[in-house]
Structures are given as C-alpha cells and as structure tokens.
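One-letter residues, chain by chain:
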Amino acid sequence: MTRGTTLFICTKCKKVFLAPDIEYGAMVYSRPMPCKRCGSIRTLPVVHLPYYSMYKSIWKSMEKG
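**With respect to the overall build of the protein chain**
In step 1: Each helix and strand in the protein chain was counted, giving 1 helix and 3 strands.
In step 2: In sequence order, the secondary structure elements of the protein chain are arranged as β-β-β-α.
In step 3: In summary, the protein chain has a C-alpha radius of gyration of 11 Å against a globular reference of 11 Å for 65 residues, a match within 12%.
In step 4: Within the protein chain, the proportion of its 65 residues that are buried is 32%.
In step 5: For the protein chain, contacts bridging at least 24 residues in sequence account for 37% of all contacts bridging at least 6.
In step 6: When the accessible surface of the protein chain is summed, it comes to about 4000 Å², and 58% of that surface belongs to carbon and sulfur atoms.

**Re helix α1 (residues 52-64)**
Residues spaced three or four apart along an α-helix point in a common direction, a consequence of the helix completing one turn every 3.6 residues.
In step 1: In this model α1 runs 19 Å from its N-terminal to its C-terminal C-alpha over 13 residues, within 8% of the 18 Å that 1.5 Å per residue would give.
In step 2: Tyr55, Ile58 and Trp59 are the residues of α1 that are buried. Viewed along the axis of α1, the buried residues span an arc of 105°, placing them on a single side of the element. For α1, the exposed residues set more than 90 degrees away from the buried face come down to Ser53, Lys60 and Lys64.
In step 3: Looking at the buried residues of α1, the elements they touch are β3 (43-45).

**Observations concerning the sheet that holds strand β1 (residues 2-10)**
In step 1: One open sheet holds the 3 strands; their spatial order is β2-β1-β3, and the pairing between them is antiparallel. Each of the sheet's edge strands pairs with one partner strand only, and the pair in question is β2 (16-22) and β3. Averaged over all adjacent pairs, the angle separating strand axes in this sheet is 45°, with direction ignored.
In step 2: By the bridge criterion, 6 bridges tie β1 to β2 in an arrangement that is antiparallel. Looking at the pairing, Thr5 lines up with Pro20 of β2.

**Side note on the environment of Tyr51**
In step 1: Topologically, Tyr51 is positioned in the loop between β3 and α1.
In step 2: We classify Tyr51 as partly exposed; its relative accessible area is 42%.
In step 3: Put simply, Tyr51 and Tyr29 are 22 residues apart on the chain and 9.1 Å apart in space, counted from C-alpha to C-alpha.

Rules used in this analysis
Residues numbered from 1 in each chain as written. Predicted model: local features only at pLDDT ≥ 70, side-chain atom pairs only at ≥ 80, totals over all residues. Heavy atoms only, no water. Helix = DSSP H or I, 4+ residues; strand = E, 2+ residues; numbered from the N terminus. Rg over C-alpha atoms; globule rule 2.2 N^0.38 Å. Buried < 20%, exposed > 50% of the residue type's maximum accessible area, 1.4 Å probe, protein only. Contact = heavy atoms within 4.5 Å. Areas by Shrake-Rupley, 256 points an atom, 1.4 Å probe, with all protein chains shown as cover. Expected span 1.5 Å × (residues − 1). Arc of directions from axis to C-beta. Pairing = 2+ DSSP bridges. Axes fitted to C-alpha atoms, helices over the stretch in contact; angles between N-to-C directions.

Below, the structure written as structure tokens:
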C-alpha cells in the first residue's frame, strides 16, 4: 500500500531524497527505494533511522530476490 511520500537516506552515498512511501511486507516499515544518486537499495526512511538493524535484514531479503 502506498502511504504518500517520505524522505529516504542512502547508507552508501548519504543522499537524502523524496520517494514514494510503500509499505514493506504488511509491516510498519517502508520498502527501501533505490537511491537517486548511486542506485543502491540500501536506503531507509529518515524517520526509521533508529531501526537500522531491521532494515539490514530487509536489504538482505531484497538482494536475494
């Protein structure tokens, strides 16, 4: 489900960008959106920075396909 837009930050190049906020796996977390600068999927919403460790498992799941 799309919940509007939110600010994301890329953990690789540190770019902050606005992107659609799409629910990940019917959870409160947002689906990582590709970085507009470097293309990495290792991004997370700025408001979810305290949940970095949870996003690490989401990134692994997404990289496996």
